[in-house]
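Observations on the three-dimensional arrangement
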Amino acid sequence: EGYLLIITKKHLNSMAELNIEQLNELNVLINMLSELAERVYGIAPVLFEHGSAPLEVNMNAQSSINHAHMHLVPFKLENSDKIIREADMKMFNGINCLNEFQGVSYVYYRTQQKKEYITVNQSLPRQYMRRKIALDSNESDKWDWRKNSFIENVKNTIISYQEILNNKNYSNQA
């Protein structure tokens, strides 16, 4: 519950195709939604993207959906250090520099402590981060969104966010 996807209106293969102004706007949106998720669920979210190169460049793209989308998940990921090592992730200068990876498949990851990492490790399986979150939540078979719709979680997420957004005290602070 609480899982959000941030998607672009215009078709892009990954968030790396955004220009610097759009990346700045994305960063503001991510920070706003992260604060909201933390307020609703009491936990800072992790953020990730399986950025895809254009299909004509890489037919083995790591993303299952060839359209830019970032995952914001309010979840305490216990095996974060292991994921960073296993995926050969490197510290990253921030979302505003993501366009340096345009045309390349990558995995971007922001920890709950807002430390940012990126890897271009092409040996990672599809939906790598979803698999790791499922494994960490003791539901290792639930990573595949095609097989698990989580309709009740979607409904509960909408209700939870609506409740706080409808709260006049929160609206005045935002």
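**Focus: the pairing of strand β6 (residues 116-119)**
Side chains of β6 alternate between two faces, with E116 and I118 and Y117 and T119 buried alike. Bridge analysis of strand β4 (residues 90-91) against β6 gives two bridges, and the strand direction is antiparallel. When the sheet's bridge partners are listed, M91 is paired in β6 with Y117. In this structure, strand β5 (residues 106-110) lies alongside β6, joined through four bridges in antiparallel fashion.

**Description of the nonpolar core**
Membership of the largest hydrophobic core comes to 25 residues, with the highest contact counts inside it found for I6, M15, L26, M70, L98, Y106 and Y108. For this core, the secondary-structure elements that each account for two or more residues are β1 (4-7), α1 (20-41), β3 (69-73), β5 and α4 (151-165). Among the elements that take part in this core, α1 stands out by supplying six residues, more than any other. The contacts of L26, once residues within four sequence positions are left out, are I6, M15, L18, M70 and I95. F75, V107, M129 and I133 belong to the second largest nonpolar core, which has 16 residues in total.

**As for the environment of H50**
Considering the arrangement of structural elements, one finds H50 in strand β2 (residues 46-51). Residue H50 is classed as buried on the basis of its relative accessible area of 4%. Measuring from C-alpha to C-alpha, the distance between H50 and S14 comes to 7.9 Å, with 36 residues separating the pair along the chain. Within the structure, H50 has its side chain in polar contact with the backbone nitrogen of Y128 (distance 3.2 Å). A polar atom in the side chain of H50 sits 3.1 Å from the backbone nitrogen of M129.

What counts, and where the lines are drawn
Note on numbering: residues in each chain are counted from 1, in written sequence order. Per-residue local features of the predicted model are confined to residues with pLDDT of at least 70, and side-chain atom pairs are confined, for both listing and counting, to 80 or more; whole-chain, interface and lining totals are unaffected and use all residues. Only hydrogens and water are removed before side-chain values are computed, so all heavy atoms of the structure are retained for them. Note on exposure labels: buried denotes an accessible area under 20% of the residue type's maximum, exposed denotes more than 50%, and partly exposed covers the range between, all computed with a 1.4 Å probe on protein chains only. The way it works is that DSSP assigns letters per residue, a run of H or I at least four long becomes a helix, a run of E at least two long becomes a strand, and they are numbered from the N terminus. What makes two strands pair is DSSP finding at least two bridges between them. Residues belong to a common nonpolar core when they are buried Ala, Val, Leu, Ile, Met, Phe, Trp, Tyr or Cys residues joined through side-chain atoms within 4.5 Å. In what follows, residue pairs with any heavy atoms lying within 4.5 Å of each other are defined as contacts. What qualifies as a polar contact is a pair of N or O atoms within 3.5 Å, subject to a donor-acceptor requirement within protein and to the restriction that residues adjacent in sequence count only when both atoms come from side chains.

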